[in-house]
Every structure is written in structure tokens, then in C-alpha cells.
Amino acid sequence: MRILLVEDDPSLHKLIQKRLTEAGYAVDSCYTGGDALDYLNAADYDCVVLDWMLPEKDGVSVLREYRRGGGAAPVLLLTAKDSVSDRVAGLDAGADDYLTKPFAFDELLARVRAMLRRGSDVKNTALTLDDLTMDTAAHTVERAGKDIHLTSREYALLEYLLRNKGLVVSRMQIADHVWNLDFDCDSNIVDVYIRYLRNKIDRGFDRPLIHTVRGMGYVMRVEE
């Protein structure tokens with residue numbers, strides 16, 4: 001899943017980006033409100049982590065403009081402001097959740113997972129298909145009782161496919177949600193990672209779950 005991080009404190013920015021990346025998310029990041037709007041106009045994000053106090057344009061102003069333009073991604077607002085009136089202002093501007101600094105990184109990750117669940121048909125932490133289970137809270141994957149060890153990118157790819165199980169997704173859709181803006185659209189990296197994933201979750205099991213739809217993309221489903 002693809003996240004935009006907007007935080008102007010360099011050290012905190014680096015730490016949040018590191019934790020989100022380690023959790024398997026594709027992360028684009030910037031430091032100012034002006035750049036945030038440019039990023040939001042350039043890509044379709046699954047979630048936004050947005051600081052309130054930003055140079056050029058504050059986070060609440062960014063949020064209002066994003067919502068007025070039809071932006072629908074869930075937004076977690078980060079701020080040192082902790083009064084009730086501040087929380088109300090942030091939520092009324094269009095934030096889906098609110099986290100006061102300083103915060104525990106585990107709580108930030110939990111709030112991101114909760115927002116992603118709210119935007120999905122799946123409302124619990126387990127994503128399942130046949131005998132395959134991904135626990136997004138424990139960050140584990142198993143099939144037929146066997147633990148499957150994935151890299152962070154493989155995990156992100158599998159999560160996207162499972163959240164869209166039964167639907168054919170194109171290579172570009174996958175790239176938009178699993179890779180960040182550094183993705184080279186002329187490369188075959190999506191196909192390479194699909195192959196990596198198949199080797200881990202399909203090879204050696206009774207039936208494949210990842211299927212190629214020629215000329216269209218990929219789909220996760222059980223075929224008789």
C-alpha cells in the first residue's frame with residue numbers, strides 16, 4: 001500500500017519513513033505543504049500521514065484543499081496541538097484520525113492499519129484466501145499452516161493483491177500502490193516480484209492462487 005508522508009522535522013521524518021518502509025509500505029515523502037499538494041495531485045495514495053505545522057502551507061489548509069478537490073485517501077494528522085478545539089478543527093477539516101506528538105511508532109502504525117481497514121471491505125486484521133492468511137497486525141503470512149517469509153516489497157504486493165482478491169489488477173495499478181514515485185514504468189519489476197511471490201506462496205502447494213490474465217494483469221482467486 002502506498003503512503004504519502006508529510007513532516008518537516010528532518011529527524012522525525014526519517015524515523016517515520018523508516019518504520020513505514022519496514023512495515024512494507026511504499027512511501028513518498030516531502031517536507032512542505034506546497035509539495036504535499038503537488039504529490040497529492042500526482043498520485044493516488046492509500047493513506048496520508050500529514051503534519052499540522054508545515055512551511056508554506058499548514059497541514060489543515062492542505063487537507064481542506066485536498067478534500068475540496070475530491071481527494072478521498074484517509075489522512076492521519078500529526079500535531080503537537082492537543083486541545084479539544086484543535087482536535088475538532090483537524091477532524092472537521094477532513095482528517096480521519098489524529099495523533100498527538102510525541103507518540104509511539106507502534107501506535108502510529110496501528111492507526112495507519114486501522115485507516116486502511118476502514119477504506120477496505122476487510123474490517124479485521126486478517127486477509128485470507130483459501131488456506132492463505134496474512135495477519136496485518138502481526139505482520140505474518142502463512143499457507144496451509146506453514147510460515148511464509150516475505151521481503152517488505154513482497155509483503156506489500158501480497159497485501160495489495162489480497163485486498164483486491166477476485167479483481168484483475170493491471171501492472172500499472174500494482175505499481176501505483178506498491179511502489180513509490182521512483183518506480184520506472186518501463187521496467188519489468190512488477191512481473192519479477194509476481195514471480196518471487198509465486199515461488200513462495202504457490203510453489204509446492206495444492207493449487208495456485210496468483211493467476212495471470214493475459215493482456216490485463218493479475219488476479220488472486222481460487223480456480224477449480
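See the structure above.
Below: a short report on this structure. (Residues numbered from 1 in each chain as written. Predicted model: local features only at pLDDT ≥ 70, side-chain atom pairs only at ≥ 80, totals over all residues. Heavy atoms only, no water.)

## Quick look at the overall build of the protein chain
Argument step 1. The helix and strand tally for the protein chain stands at eight helices and 11 strands.
Argument step 2. Relative to the compact-globule value of 17 Å for 224 residues, the protein chain shows a C-alpha radius of gyration of 18 Å, a close match.
Argument step 3. Oriented by its inertia axes, the alpha-carbon framework of the protein chain measures out at about 55 × 35 × 30 Å.
Argument step 4. Residue burial in the protein chain is summarised as follows: out of 224 residues, 49% are buried.
Argument step 5. If you sum the accessible surface of the protein chain, you get close to 10,900 Å²; carbon and sulfur atoms cover 47% of it.
Argument step 6. Charge separation in the protein chain, taken as the distance between the mean sites of 29 positive and 37 negative side-chain charges, equals 3 Å. (Helix = DSSP H or I, 4+ residues; strand = E, 2+ residues; numbered from the N terminus. Rg over C-alpha atoms; globule rule 2.2 N^0.38 Å. Buried < 20%, exposed > 50% of the residue type's maximum accessible area, 1.4 Å probe, protein only. Areas by Shrake-Rupley, 256 points an atom, 1.4 Å probe, with all protein chains shown as cover. Lys, Arg positive; Asp, Glu negative; His and termini not counted. Charge placed at Lys NZ, Arg CZ, Asp CG, Glu CD.)

## Remarks on the nonpolar core
Argument step 1. Counting 48 residues, the largest nonpolar core has Tyr25, Leu108, Val112, Leu158, Leu161, Ile174 and Met220 as the members making the most contacts within it.
Argument step 2. Residues within four places of valine 112 in sequence aside, it is in contact with Ile3, Tyr25, Cys47, Val49 and Leu76.
Argument step 3. Ranked by size, the runner-up nonpolar core spans 22 residues in total, among them Cys30, Leu37, Val75 and Ala95. (Core = buried A, V, L, I, M, F, W, Y, C linked by side-chain atoms within 4.5 Å. Contact = heavy atoms within 4.5 Å.)

## Quick look at the pairing of strand β3 (residues 47–51)
Argument step 1. A large share of β3 lies buried, amounting to five of its five residues.
Argument step 2. Residues of β3 alternate between two faces, with Cys47, Val49 and Asp51 on one and Val48 and Leu50 on the opposite face, all of them buried.
Argument step 3. Pairing of strand β1 (residues 2–6) with β3, which is carried by four bridges, proceeds in the parallel orientation. Opposite valine 6, over in β3, you have leucine 50 as the bridge partner.
Argument step 4. Looking at chain direction, β3 and strand β4 (residues 75–79) are connected through four bridges and run parallel. (Pairing = 2+ DSSP bridges.)

## A closer look at the sheet that holds β1
Argument step 1. If you trace the five strands from one edge of the open sheet to the other, you get β2-β1-β3-β4-β5, paired in parallel fashion. Each edge of the open sheet is held by one strand with a lone partner, namely β2 (26–30) and β5 (97–100). Averaged over all pairs of adjacent strands, the angle between their axes in this sheet comes to 20°, without regard to strand direction. (Axes fitted to C-alpha atoms, helices over the stretch in contact; angles between N-to-C directions.)

## A short note on unusual backbone geometry
Argument step 1. Cis geometry marks the peptide bond from lysine 101 to proline 102, where omega comes out at -5°.
Argument step 2. When you line up the elements, proline 102 lands in the loop between β5 and α5 (105–118).

## Looking at the pairing of strand β6 (residues 126–129)
Argument step 1. Only one face of β6 is buried, namely the one carrying Leu127 and Leu129, since none of Ala126 and Thr128 on the opposite face is buried.
Argument step 2. Sheet topology note: the β6/strand β7 (residues 132–135) ladder contains four bridges and is antiparallel. Across the sheet, residue alanine 126 finds its bridge partner in β7, namely aspartate 135.

## Digging into empty space enclosed by the protein
Argument step 1. For the coordinates displayed, the defined rule picks out one cavity of 30 Å³ or more.
Argument step 2. Each pocket or cavity is described by its volume, and for the largest cavity that value is around 30 Å³.
Argument step 3. Contributing to the lining of the largest cavity are Leu40, Val48, Leu50, Val62, Leu63, Tyr66 and Val75.
Argument step 4. Secondary structure elements with two or more residues in the lining of the largest cavity: β3 and α3 (59–68).
Argument step 5. When residues of the lining of the largest cavity are assigned to their parent elements, the largest contribution, three residues, is made by α3.
Argument step 6. Per-class residue counts for the lining of the largest cavity are seven nonpolar, no polar and no charged. (1 Å grid on protein atoms, 1.4 Å probe; cavity = no way out; pocket = protein on both sides within 12 Å on 5 of 7 lines; lining within 4 Å. Points joined across faces, edges and corners; volume = space filled by probe spheres on them. Nonpolar A, V, L, I, M, F, W, Y, C, P; charged D, E, K, R; others polar.)

Interpretation note: all reported values are geometric properties and have no functional meaning in isolation.
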